[in-house]
Amino acid sequence: MEIERKYLIENIEQIPFSLTDFKCKKIEQAYLTTEPVIRVRKDNDEYYLTYKSKGLLAREEYNLPLTSQSYATLLSKAEGNIITKNRYLIPIDNGLTIELDVFEGKFEGLILAEVEFESVEDAERFTPPHWFGKDVTLSGEYQNSRLSRI
């Protein structure tokens, strides 16, 4: 089960620290279908096929490992935009981690912060840092699967 809240960061200058101080993953992903969501992802040197159920705050998610060759084959069959981003992993209170996605390519300038939780109750009680922008969790507007179709 994936339980997460997502926030729009209006401007990189809102971030009160240097991103170079944190671990960064280079991510490339594309969608074979968006209903249901079936995605392929390259995460640094690891490759995955992911299924996600419907939902915004909470949804089922299953990841299966792929080889680089099977990833390349599936990527060639993907629909829509290939999404590229740098994901910074920023630890915060209560053992939580901000996954700060700084998009490249077609979506350059877009910055989203996601925080994953153990329960829906924890997600609903979460108070975001002052530098987070609008909570876009329930709008679905910034789901990567939706961005792939723009």
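The coordinates are above.
This report concerns the structure included in the present document. All values derive from a computational prediction rather than experimental measurement.

## Observations regarding the pairing of strand β7 (residues 79–91)
Right, on to step 1. In the sheet, strand β2 (residues 23–34) pairs with β7 via 8 bridges, with the strands oriented antiparallel. The residue bridging C24 from the neighbouring strand is Y88, located in β7.
Right, on to step 2. Pairing analysis gives 7 bridges linking β7 to strand β8 (residues 97–103), with the strands arranged antiparallel. Each bridged residue has a counterpart across the sheet, and for Y88 the counterpart in β8 is L100.
Right, on to step 3. Linking β7 to β8, which pair antiparallel, is a turn of 5 residues; within it N94 sits at a positive phi near 60°.

## Digging into the pattern of salt bridges
Right, on to step 1. Inspection of the entire model under this criterion finds 12 salt bridges.
Right, on to step 2. One salt-bridge network, in which partners are shared between bridges, spans K6, K85, R87, E99, D101 and E114.

## Looking at the layout of surface pockets
Here the idea is plain: a probe the size of a water molecule rolls over the atoms and shows the empty space left.
Right, on to step 1. Volume-wise, the largest pocket comes out at about 400 Å³.
Right, on to step 2. Elements with a minimum of two residues in the lining of the largest pocket: β1 (2–8), β3 (37–43), β4 (46–52), β6 (61–66), β7, β9 (111–116) and α3 (144–147).
Right, on to step 3. Examining the composition of the lining of the largest pocket, we find that 4 residues originate from one element, β3, more than from any other.
Right, on to step 4. Its residues assigned to classes, the lining of the largest pocket comprises 6 nonpolar, 7 polar and 15 charged.

## Some words on the sheet that holds β2
Right, on to step 1. In spatial order, the strands read β5-β1-β9-β8-β7-β2-β3-β4-β6; together these 9 strands make up an open sheet with antiparallel pairing. Of all the strands in the sheet, the pair left with one neighbour each is β5 (58–59) and β6.
Right, on to step 2. Judged from the 2 bridges that link them, β1 and β5 form a sheet pairing that is antiparallel. Paired with I3 across the strands is A58, a residue of β5.

## Describing the environment of R39
Right, on to step 1. Take R39: it is sitting in strand β3.
Right, on to step 2. Every residue in contact with R39, bar those within four places of it in the chain, is listed here: Q29, A30, Y31, Y48, L49, T50, K52 and N63.

## Examining the environment of K54
Right, on to step 1. If you trace the backbone, K54 turns up in the loop between β4 and β5.
Right, on to step 2. Taking relative accessible area as the criterion, K54 reaches 73% and is therefore assigned exposed.
Right, on to step 3. Separated by 19 residues in sequence, K54 and E35 have C-alpha atoms that sit 8.1 Å apart.

## Side note on the packing of aromatic side chains
Right, on to step 1. Scanning all chains against the criterion turns up 8 aromatic pairs.
Right, on to step 2. With a centroid separation of 4.8 Å and an interplanar angle of 50°, the aromatic rings of Y7 and F132 are classed as tilted. In this pair, Y7 is assigned in strand β1 and F132 in the loop between α2 (120–125) and α3, connecting sequence segments 125 residues apart.
Right, on to step 3. Residues Y47 and Y71 carry aromatic rings whose centres are separated by 5.1 Å and whose planes lie at 45° to one another, so their mutual orientation is tilted. Here Y47 is found in strand β4, whereas its partner Y71 is found in helix α1 (residues 68–75), with 24 residues between them in sequence.
Right, on to step 4. Residue class for Y47 comes out buried when judged on its relative accessible area of 16%.
Right, on to step 5. Through pairs of rings, three or more aromatic residues link up here, namely Y7, F17, F22, F117, F126, W131 and F132.

## Describing the nonpolar core
Right, on to step 1. Core analysis: the largest hydrophobic core is formed by 20 residues, its most contacted members being I9, I98, L100 and F132.
Right, on to step 2. Breaking this core down by element, the ones donating at least two residues are β1, β7, β8 and β9.
Right, on to step 3. Ignoring any residue separated from it by four or fewer positions in sequence, one finds L100 in contact with I9, I15, L19, N86, R87, Y88, I90, I111, L112, A113 and W131.
Right, on to step 4. The next biggest cluster of nonpolar side chains, apart from the first, holds 11 residues, and it includes L110, V136, Y142 and L147.

About the criteria used
- Residues numbered from 1 in each chain as written.
- Predicted model: local features only at pLDDT ≥ 70, side-chain atom pairs only at ≥ 80, totals over all residues.
- Heavy atoms only, no water.
- Pairing = 2+ DSSP bridges.
- Helix = DSSP H or I, 4+ residues; strand = E, 2+ residues; numbered from the N terminus.
- Salt bridge = Lys/Arg side-chain N within 4 Å of Asp/Glu carboxyl O.
- 1 Å grid on protein atoms, 1.4 Å probe; cavity = no way out; pocket = protein on both sides within 12 Å on 5 of 7 lines; lining within 4 Å.
- Points joined across faces, edges and corners; volume = space filled by probe spheres on them.
- Nonpolar A, V, L, I, M, F, W, Y, C, P; charged D, E, K, R; others polar.
- Contact = heavy atoms within 4.5 Å.
- Buried < 20%, exposed > 50% of the residue type's maximum accessible area, 1.4 Å probe, protein only.
- Phe/Tyr/Trp six-rings, centres within 6.5 Å; stacked < 30°, edge-to-face > 60°.
- Core = buried A, V, L, I, M, F, W, Y, C linked by side-chain atoms within 4.5 Å.

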